[in-house]
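Tertiary structure, described
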Amino acid sequence: MIRTLILPAALFALAAPAIAQSPSAVAAANKAALHEPAASGFLHAVQVYPFADGALYRLYTMPGRISDIALQPGETLTSVAAGDTVRWTVGDTTSGSGEGRRTHILVKPFSPGLSTNLVITTDRRVYRIQLASRASAAMPAISWTYPADELLAWQRQSAAAEAARPVSAAVEIERLNFEYRISGDRTAWRPVRVFDDGRQSWIEFPPTIATDEAPPLFVVGEKGKAELVNYRMAGRYYIVDRLFTSAELRLGGKKQKIVRIMRLGGSGQGGGQ
């Protein structure tokens, strides 16, 4: 049995503006996502684009010339699909070996004035290329830098180095004193612990200190005057090469946030402590 679906005219009226606007919306999105070649992006004759997921990359070609699309070393090609396989020749090859093995997609148009797109999928990402052919000035090659990969590698290296580095050398564990009182504003960077070993003081912050703005440390002197003190940061610790009785962490302008640190059960060493 054939069923006929009848929609109210009002639904068509509502849908019409959305349908009418969709081509312009798509065109605007594509234009915003398109990376065109720039003089500053050339490394010799290769246009090097920064890779971003979802971006489109322009490659200008010409008849009688092969243009090379070089993928990341070690990246494995899964598939290549072209919008026009009749007027464009698309092939692939590799260079190098081992970890340096690199896949190259080779494209060549049959005539000027053509345009199509190319979708390259690999074991790491998807590349979306906008191909255009013209009578002269072809781009010999394009490749990419990978900011997200570089940032991740740097973060891993930094985290490993930080984990391997001791917070401080020659700490006398048996002499550690944790008798400190922390008061003041409840900030994101408020310390979780303060301690000393009779020679140095450590201020331990929450893990978010790595992304928050770090507050400067002031030591409060005998006359109540706050003065900046020398310290260094190791991971999420401030290390102060002295003791203090009273100190403050301050951050902000007119509405300054202040966290106070008081050493209990004895006085610190040195003037103003």
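Above this text is the structure in question.
First, a word on what this report is: a plain description of the structure on this page. Please read all numbers here as calculations on a predicted model, not as lab measurements.

With respect to the helices and strands, Ser-67 occurs in strand E5 (residues 67-70). According to the relative accessible area criterion, Ser-67 is buried, its value standing at 1%. Separated by 2.8 Å, the side chain of Ser-67 and the backbone oxygen of Met-139 make a polar contact. Those residues in contact with Ser-67, other than ones at most four positions away along the chain, are Leu-59, Tyr-60, Thr-61, Ile-105, Leu-106, Val-107, Met-139 and Pro-140.

The phi angle at His-44 is positive, at roughly 60°, despite the residue not being glycine. In this fold, His-44 is placed in the loop between strand E2 (42-43) and strand E3 (46-50). Judged by relative accessible area, which is 77%, His-44 ranks as exposed. In the Ramachandran plot, Ala-137 falls in the positive-phi region, its phi being about 60° despite a non-glycine side chain. Within the secondary structure, Ala-137 sits in the loop between strand E10 (126-133) and strand E11 (141-145).

We now examine the nonpolar core. Of all hydrophobic cores here, the largest spans 22 residues; its most connected members are Ile-69, Ile-129 and Trp-144. For this core, the secondary structure elements donating two or more residues are strand E4 (56-61), strand E8 (102-109), strand E9 (115-122), E10 and E11. The element contributing the most residues to this core is E10, with four residues. Residues within four places of Ile-69 in sequence aside, it is in contact with Leu-59, Thr-103, His-104, Ile-105, Val-107, Leu-118, Ile-120, Ile-129, Ile-142 and Trp-144.

This part covers the packing of aromatic side chains. Enumeration according to the criterion identifies twelve aromatic pairs in this entry. Where Phe-51 meets Tyr-146, the ring centres are 6.0 Å apart and the plane angle is 35°; that geometry is what we call tilted. Here Tyr-146 lies in the loop between E11 and helix H2 (147-164) and Phe-51 lies in the loop between E3 and E4, a separation of 95 residues in the sequence. An identical accessibility class is assigned to Phe-51 and Tyr-146; each is buried.

Quick notes on the rules
- Residues numbered from 1 in each chain as written.
- Predicted model: local features only at pLDDT ≥ 70, side-chain atom pairs only at ≥ 80, totals over all residues.
- Heavy atoms only, no water.
- Helix = DSSP H or I, 4+ residues; strand = E, 2+ residues; numbered from the N terminus.
- Buried < 20%, exposed > 50% of the residue type's maximum accessible area, 1.4 Å probe, protein only.
- Polar contact = N/O pair within 3.5 Å; in protein donor to acceptor, adjacent residues only side chain to side chain.
- Contact = heavy atoms within 4.5 Å.
- Core = buried A, V, L, I, M, F, W, Y, C linked by side-chain atoms within 4.5 Å.
- Phe/Tyr/Trp six-rings, centres within 6.5 Å; stacked < 30°, edge-to-face > 60°.

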